Amino acid sequence: MPKTVHKSKFQEWRGLDRISLVVHEMKCIFREITKDDFGIDGEIEVVEEKPDGTGYQTTGGVIKVQAKSGMSYVKQDTPERFVSPVKKDDLETWCRANYSTVYIVYHPNDDKLYWKEVKNYVKNTPGVWQPPLYITFDKAQDEFSPGCFQSVRSLAPSSQSTRISFSASEQLFSNLLKIKRIPRVWSAPCTVRHYDDVRHSIQGFVTPFNVVADRIYSFSNLYEKACNLRKFCDAAKIHEESLDDWWDDLVLQRNYVFMLNQLLGIHLRSCGLRYNKKFSRNYFPRENEDDDEFKTEWYNMRTSQKIPGRLTAKHYIYGYDEFWRHLAANITFQRIGESWFLQIIPKYFFTEDGIQPWESEKVGEYTTRIKAQERNPNVLNHVLFWSYILTRSERCKTTSKEMKIMLDGHIIMIIERMPFTGVANFAIPFDPAIYEEPTSSDQLNFLGTLFELEEDDDDEF
């Protein structure tokens, strides 16, 4: 008697054939599993272009595929989405596996494939284990097509992948915020000889200033009678400096940075931060005596998303060690070529009680532990976070692209919040930073000379 081939088999094969076609258009390999499977129908082996352009090479990266085909696996179907029922033991198997599994459904009415990577779906879907169990597909976002190659590649671990590609460009984010407007400077002959003579004579707020060669310099307009520096200078000889003449004079350039740092300190204090001079750290303080951790909501300019809360200070107890770890940064001014930048170097700061620095010899182990877990995207988010924090004292929208620093009721400095970028003529394959959008000509020249205007702190405290 001839063997019976059930109608469902043709539907199943049609789905597998479509998956195979899409994978081959990706220039990858699809293998069906011929033996009775237990929640796995096939696998995709990732193939990538050789660096010399002479062909393709395998990477050793493999992901598993569970395929379903037919309207019996398409429920609650609408033009925007549908759900596909799954079994609990299958879902548990895919989640426990040491490889990535993609669940692909062939939708006959749409004549399209839709897919989900199971582990990420389970991780990011509340109530996923509540019966009835199903996987939800967004038709606009979850179509499985040759354009998904980058996403497929990111799921497949590889020991042989090309480290650098010269056939793609990559957008590089710096830790530099470009200064669009720098403060003006007024000066006059000074009746005292040293900075400290002026500083200790003023009670309360002190505007940024310095004394150099018997002249007083300030970001405050010395012509204004309310300026508390006027009594130290010859008001008849006040004039505004031409800063273009300063940049070739190292003494005047350092004088300018000295005043910039005073202005920054005033601004950071208004943002609720504290500064430790010994370790050159601006850090988030312990805000009260009752809580063991503190978080700050922020707005990510790069992703246009509001983030519920980033941990800024927390109390830890590890065995005999008890300390507070604070999110911190070293923030300085740099001049590169003809432009000024605010440089942000993310750091951590450790204290005994939220104020007193913790013993230095114990810090290294805990600093290394957390830094070992952070990669480029983490560091970039640190920089973006700090650029947001610098606007906390402003009465402006969180989506503002600029931070404005004020003095004497006037905006005297404007800084871009988005880090300065450049475009490299090479890329790390399948990296999320692969560059695709056009850029303006106003990009960072990475070959420019960086002038160190302040002594760098190498301590990783």
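Heads up: the structure comes first, above all this text.
Turning next to the sheet that holds strand β6 (residues 112-117). Read from one edge of the open sheet, five strands run β1-β2-β3-β5-β6, paired in mixed fashion. Two strands lie at the open edges of the sheet, namely β1 (29-32) and β6, each paired on one side alone. Neighbouring strand axes in the sheet, compared pairwise and without regard to direction, differ in orientation by 30° on average. As paired strands, strand β2 (residues 42-49) and strand β3 (residues 56-69) are joined by seven bridges and run antiparallel to one another. Residue Glu 45 lies in a different strand from β3, and its bridge partner there is Val 62.

Turning to the packing of aromatic side chains, a few remarks are in order. Counted according to the given criterion, the structure contains 27 aromatic pairs. Summarising the aromatic geometry, the rings of Trp 94 and Tyr 103 are spaced 5.6 Å apart at their centres and angled 50° between planes, so their arrangement reads as tilted. The exposure classification of Trp 94 matches that of Tyr 103, with both residues buried. Every member of this aromatic cluster is reached through a ring pair, and the members are Tyr 217, Phe 219, Trp 246, Trp 247, Tyr 256 and Trp 340. In this structure, Arg 310 is placed above the aromatic ring of Phe 385, and the distance from its NZ or CZ to the ring centre is 5.2 Å.

With that out of the way, let us pick up the sheet that holds strand β10 (residues 186-189). Pairing between sheet strands relies on hydrogen bonds along the backbone, with the strands arranged either parallel or antiparallel. Strand order across the open sheet formed by four strands is β11-β12-β10-β13, with antiparallel pairing between neighbours. The open sheet is flanked by β11 (209-212) and β13 (239-240), the only strands paired with a single partner. Taken together, the four bridges between β10 and strand β12 (residues 215-218) define a ladder with antiparallel strand orientation. In the sheet register, Trp 186 faces β12, and the bridge partner there is Ser 218. Across the sheet, helix α6 (residues 250-270) is in contact with β11 and β12; its angle to β11 comes to roughly 155°.

What follows is about the environment of Tyr 103. Among the structural elements, Tyr 103 can be located in strand β5 (residues 101-107). Distance from Tyr 103 to Val 118, taken between C-alpha atoms, is 6.6 Å for residues 15 residues apart in sequence. A polar contact of 2.8 Å, which involves the side chain of Tyr 103, links it to the side chain of Ser 84.

We now examine a negative patch on the surface. Taken together, the side chains of Glu 287, Asp 290, Asp 291 and Asp 292 make up a negatively charged region of the molecular surface. Here Asp 290 is to be found in the loop between β15 (281-283) and β16 (293-300).

This paragraph deals with the nonpolar core. Core analysis: the largest hydrophobic core is formed by 51 residues, its most contacted members being Phe 219, Tyr 256, Trp 386 and Met 413. Among the elements that line this core, the one with the most residues is α6, at eight residues. Every residue in contact with Tyr 256, bar those within four places of it in the chain, is listed here: Ile 182, Pro 183, Val 185, Phe 219, Leu 243, Trp 246, Trp 247 and Trp 340. If you look at the next biggest cluster of nonpolar residues, it comprises 23 residues, including Ala 67, Ile 104, Trp 115 and Leu 155.

This part is about helix α8 (residues 376-389). In this model, α8 (14 residues) spans 20 Å end to end at C-alpha, consistent with the 20 Å of a helix rising 1.5 Å per residue. Buried residues of α8: Leu 380, His 382, Val 383, Leu 384, Phe 385, Trp 386, Ser 387, Tyr 388 and Ile 389, and no others.

What follows covers the environment of Cys 227. Structurally, Cys 227 can be placed in the loop between β12 and β13. Exposure remark for Cys 227: the relative accessible area of 11% places this residue in the buried category. Taking C-alpha positions, Cys 227 is 9.8 Å from Val 206, a pair spaced 21 residues apart along the chain.

Let us look at the pairing of strand β7 (residues 134-138). Judged by which residues are buried, β7 turns out to be one-sided: Ile 135 and Phe 137 face inward and are buried, whereas Tyr 134, Thr 136 and Asp 138, on the alternate face, are not. Pairing of strand β4 (residues 81-85) with β7 involves five bridges; the strand directions are antiparallel. When the sheet's bridge partners are listed, Ser 84 is paired in β7 with Ile 135.

Okay, α6 next. Each α-helix turn comprises 3.6 residues. Residues three or four places apart therefore point the same way. Taking 1.5 Å as the rise per residue, α6 with 21 residues should run 30 Å; its terminal C-alpha atoms sit 30 Å apart, in good agreement. Gly 272 sits one or two positions beyond α6 and adopts a positive phi of about 90°.

Another point: unusual backbone geometry. Put simply, Pro 131 and Pro 132 share a cis peptide bond, and its omega is 0°. Within the secondary structure, Pro 132 is located in the loop between α3 (118-124) and β7. Positive phi, close to 50°, is recorded for Gln 76, a residue that is not glycine. Along the polypeptide, Gln 76 turns up in the loop between β3 and β4. A positive phi angle, close to 50°, is found at Ser 280, a residue other than glycine. Note that Ser 280 resides in the loop between β14 (274-276) and β15.

What counts and how
Residues numbered from 1 in each chain as written. Predicted model: local features only at pLDDT ≥ 70, side-chain atom pairs only at ≥ 80, totals over all residues. Heavy atoms only, no water. Pairing = 2+ DSSP bridges. Helix = DSSP H or I, 4+ residues; strand = E, 2+ residues; numbered from the N terminus. Axes fitted to C-alpha atoms, helices over the stretch in contact; angles between N-to-C directions. Phe/Tyr/Trp six-rings, centres within 6.5 Å; stacked < 30°, edge-to-face > 60°. Buried < 20%, exposed > 50% of the residue type's maximum accessible area, 1.4 Å probe, protein only. Lys NZ or Arg CZ within 6 Å of the ring centre and 35° of its normal. Contact = heavy atoms within 4.5 Å. Polar contact = N/O pair within 3.5 Å; in protein donor to acceptor, adjacent residues only side chain to side chain. Patch = residues over 30% accessible without salt bridge, like charges linked within 9 Å, V, L, I, M, F, W, Y side chains within 5 Å. Areas by Shrake-Rupley, 256 points an atom, 1.4 Å probe, with all protein chains shown as cover. Salt bridge = Lys/Arg side-chain N within 4 Å of Asp/Glu carboxyl O. Lys, Arg positive; Asp, Glu negative; His and termini not counted. Charge placed at Lys NZ, Arg CZ, Asp CG, Glu CD. Core = buried A, V, L, I, M, F, W, Y, C linked by side-chain atoms within 4.5 Å. Expected span 1.5 Å × (residues − 1).

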